[in-house]
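Residues per chain, in single letters:
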Amino acid sequence: MAMQGAAAKFRKSASLIILARDKTAQNPDFKALLFKRPPQASFMPNSAVFPGGVFEASDETPLWRKHFEKMGASKQLSALTEVPKDKKSAIYDNDNPEAIEREISLRIAAVREAFEELGVIFCRDRKSLAQGGGEGYGNFREDFDRNHWQKLVHNDSNKFLELCQELEIVPDLWSLHQWSNWFTPTSFKKRFNTAFFMIALQTIPDVIKEKNEVTDFAWRTPAEYLQQHFNKEIWLPPPQIYELSRLLNFTQLEDLKNFALQRRHEGLDVTLPIEYMCKDSRVNLLPGDDRYSVENCKPEIEKIDKTAKEFREGVEKMHRIEFYGPNDAVLRLNYQLPHGHIAPINANPKKRD
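Below or above, wherever it landed, is the structure these notes cover. The model shown is predicted, which means the values in this text are computed figures rather than measured ones.

**Some points on the nonpolar core**
Thought 1: Of all hydrophobic cores here, the largest spans 52 residues; its most connected members are Leu16, Ile18, Phe68, Phe122, Phe160, Leu163 and Phe197.
Thought 2: It is helix α4 (residues 102–118) that provides the largest number of residues to this core, a total of nine residues.
Thought 3: Beyond its immediate sequence surroundings of up to four residues, Leu16 is in contact with Phe50, Pro51, Ala110, Ala114, Phe122, Leu176, Phe197, Met198 and Ile199.
Thought 4: Core analysis: the next-biggest nonpolar cluster, separate from the first, contains 35 residues, Tyr137, Phe259, Ile321 and Leu331 among them.

**Regarding the state of the cysteines**
Two cysteines, two sulfur atoms, one covalent bond between them: this is a disulfide.
Thought 1: Enumeration according to the criterion identifies zero disulfides in this entry.
Thought 2: Note on Cys123: no disulfide assigned, nearest cysteine sulfur contributed by Cys164 at a separation of 7.3 Å.
Thought 3: Owing to a relative accessible area of 6%, Cys123 belongs among the buried residues under this scheme.
Thought 4: Of the cysteine sulfurs around Cys278, a residue in no disulfide, the closest is that of Cys297, at 16 Å.

**Let's talk about helix α6 (residues 146–155)**
Thought 1: All of the buried residues along α6 are Arg146, Trp149, Gln150 and Val153. All buried residues of α6 fall inside an arc of 105 degrees around its axis, so they share one side. Residues Lys151 and Asn155 are exposed on α6 and point more than 90 degrees away from its buried face.
Thought 2: Of the surrounding secondary structure, the elements contacted by the buried residues of α6 are α4, β6 (140–141) and α7 (159–167).

**Things to note about the pairing of strand β1 (residues 11–21)**
Thought 1: Most of β1 sits inside the fold, with nine of its eleven residues counted as buried.
Thought 2: In the sheet, β1 pairs with strand β9 (residues 192–201) via ten bridges, with the strands oriented parallel. By the bridge assignment for β9, Ile17 is matched with Met198.
Thought 3: When β1 meets strand β4 (residues 52–54), the two strands line up antiparallel, connected through three bridges.

**Focus: the side chain of Ser15**
Thought 1: With respect to the element layout, Ser15 can be found in strand β1.
Thought 2: For Ser15, a relative accessible area of 9% puts it in the buried group.
Thought 3: Here Ser15 is in contact with Pro51, Gly52, Ala110, Thr194, Ala195, Phe196 and Phe197, once residues within four sequence places are set aside.

**Some words on empty space enclosed by the protein**
Thought 1: For the structure shown, the criterion picks out one cavity of 30 Å³ or more.
Thought 2: The volume enclosed by the largest cavity comes to roughly 100 Å³.
Thought 3: Sorting elements by how many residues they give to the lining of the largest cavity places strand β12 (residues 274–277) first, with three residues.
Thought 4: The class makeup of the residues in the lining of the largest cavity is six nonpolar, three polar and four charged.

**A few points about the sheet that holds strand β7 (residues 169–171)**
Thought 1: Reading across the sheet, the three strands line up as β6-β5-β7 and stay open at both edges, with antiparallel pairing between neighbours. This sheet does not close on itself; its edge strands, each paired only once, are β6 and β7.

**Details of the pattern of salt bridges**
Thought 1: Here the structure, examined in full by the defined rule, presents 18 salt bridges.
Thought 2: Put simply, Arg102 and Glu60 hold a salt bridge, and the shortest N to O gap is 3.3 Å. Taken as a pair, Arg102 in helix α4 and Glu60 in the loop between β4 and α2 (63–70) lie far apart in primary sequence, 42 residues in all.
Thought 3: Overall, Arg102 belongs to the buried group, its relative accessible area being 9%.
Thought 4: Of the charged contacts in the structure, one is a salt bridge between Glu322 and Arg332, with a shortest N-O distance of 2.9 Å. Taken as a pair, Glu322 in strand β15 (residues 319–325) and Arg332 in strand β16 (residues 328–333) lie far apart in primary sequence, ten residues in all.
Thought 5: Note on Arg332: relative accessible area 16%, which makes it buried.
Thought 6: Through salt bridges with shared partners, a single ionic network connects Asp59, Arg112, Glu113 and Glu116.

**Considerations on the sheet that holds β12**
Thought 1: Spatial strand order, β14-β12-β13-β15-β16: five strands in an open sheet with mixed pairing. Of all the strands in the sheet, the pair left with one neighbour each is β14 (302–303) and β16.
Thought 2: The pairing of β15 with β16 spans six bridges and is antiparallel. Along β16, the bridge assignment pairs Arg320 with Arg332.
Thought 3: Strands β15 and β16 of the sheet are contacted by helix α9 (residues 238–247), whose axis makes an angle of about 55 degrees with β16.

**Overview of a negative patch on the surface**
Thought 1: Together, Asp280, Asp305, Glu310 and Glu313 make up a negatively charged patch on the protein surface.
Thought 2: Here Glu310 lies in helix α11 (residues 308–312).

What counts, and at which threshold
- Residues numbered from 1 in each chain as written.
- Predicted model: local features only at pLDDT ≥ 70, side-chain atom pairs only at ≥ 80, totals over all residues.
- Heavy atoms only, no water.
- Core = buried A, V, L, I, M, F, W, Y, C linked by side-chain atoms within 4.5 Å.
- Buried < 20%, exposed > 50% of the residue type's maximum accessible area, 1.4 Å probe, protein only.
- Helix = DSSP H or I, 4+ residues; strand = E, 2+ residues; numbered from the N terminus.
- Contact = heavy atoms within 4.5 Å.
- Disulfide = S-S within 2.5 Å.
- Arc of directions from axis to C-beta.
- Pairing = 2+ DSSP bridges.
- 1 Å grid on protein atoms, 1.4 Å probe; cavity = no way out; pocket = protein on both sides within 12 Å on 5 of 7 lines; lining within 4 Å.
- Points joined across faces, edges and corners; volume = space filled by probe spheres on them.
- Nonpolar A, V, L, I, M, F, W, Y, C, P; charged D, E, K, R; others polar.
- Salt bridge = Lys/Arg side-chain N within 4 Å of Asp/Glu carboxyl O.
- Axes fitted to C-alpha atoms, helices over the stretch in contact; angles between N-to-C directions.
- Patch = residues over 30% accessible without salt bridge, like charges linked within 9 Å, V, L, I, M, F, W, Y side chains within 5 Å.
- Areas by Shrake-Rupley, 256 points an atom, 1.4 Å probe, with all protein chains shown as cover.
- Lys, Arg positive; Asp, Glu negative; His and termini not counted.
- Charge placed at Lys NZ, Arg CZ, Asp CG, Glu CD.

Structure below.
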């Protein structure tokens, strides 16, 4: 099936990679925010994930545009939609003429979900809107009854717009930098088409975890999360492994933020892993790998009578993740990714042949 056809079978969602400068650390000088899903979660239970969730109709209501206009942010809002459409992934397509653009609504969804799950709201008021972009760093606010509003928004996504109207703020969409776009493999019953955004913060915000969706949370470096995963202390889903491994390229949040800013007008790859079961592992092929073809997407994982090493034979361009166990994943990429994006660094101490 074509990629566009595959996209129609997935529920849209948005996730946010939240990075904050840590004054006590130097290498790197930032930490990432992940939380643990409860064991009763219907999708990826007990996993450590970036905040995020399902895209709602309330995220694209034209009432949002009216609110931005009232706050004097119409010009800034239009800047988000200036990226050439032919370089965007299908998740940004929107056939509803009444709804606001997906470059806006997906960011609203990511900000809303972060507030629902962790009580942190990324926003700008009239003063910060007038002052400009803040050099790409995010803004957040804590001086209101966050517990009360978090419960309201969690129970009814429509309340998020009401919250912004009440506080006279707008979601800080300009500090959400497009990062990646992941599809759930077709072998899963629940499938999502998820836009990942990255936000960089100058300070670590105070977190209020939502008791039904969050069992625990942490601020750790990408390397620490990956080490915990390989040590079987936490479990990271494949997108989290891949994106945390990308972040290993940076030791300074300033450099990482600038990298995201520089490629904000570049394209966005769609990453739909295609799964194969080898004799010694499960292999996820990723776009660009010589053996990758969307036409091979099937509801069941195809079995290959080869080891992962044998499955690599004759492959010149390689882009894949090999899973030798729940906490034993090896990333393999041997070429420059398109659109100027940065490659992940394999952090698994078991390098394997």
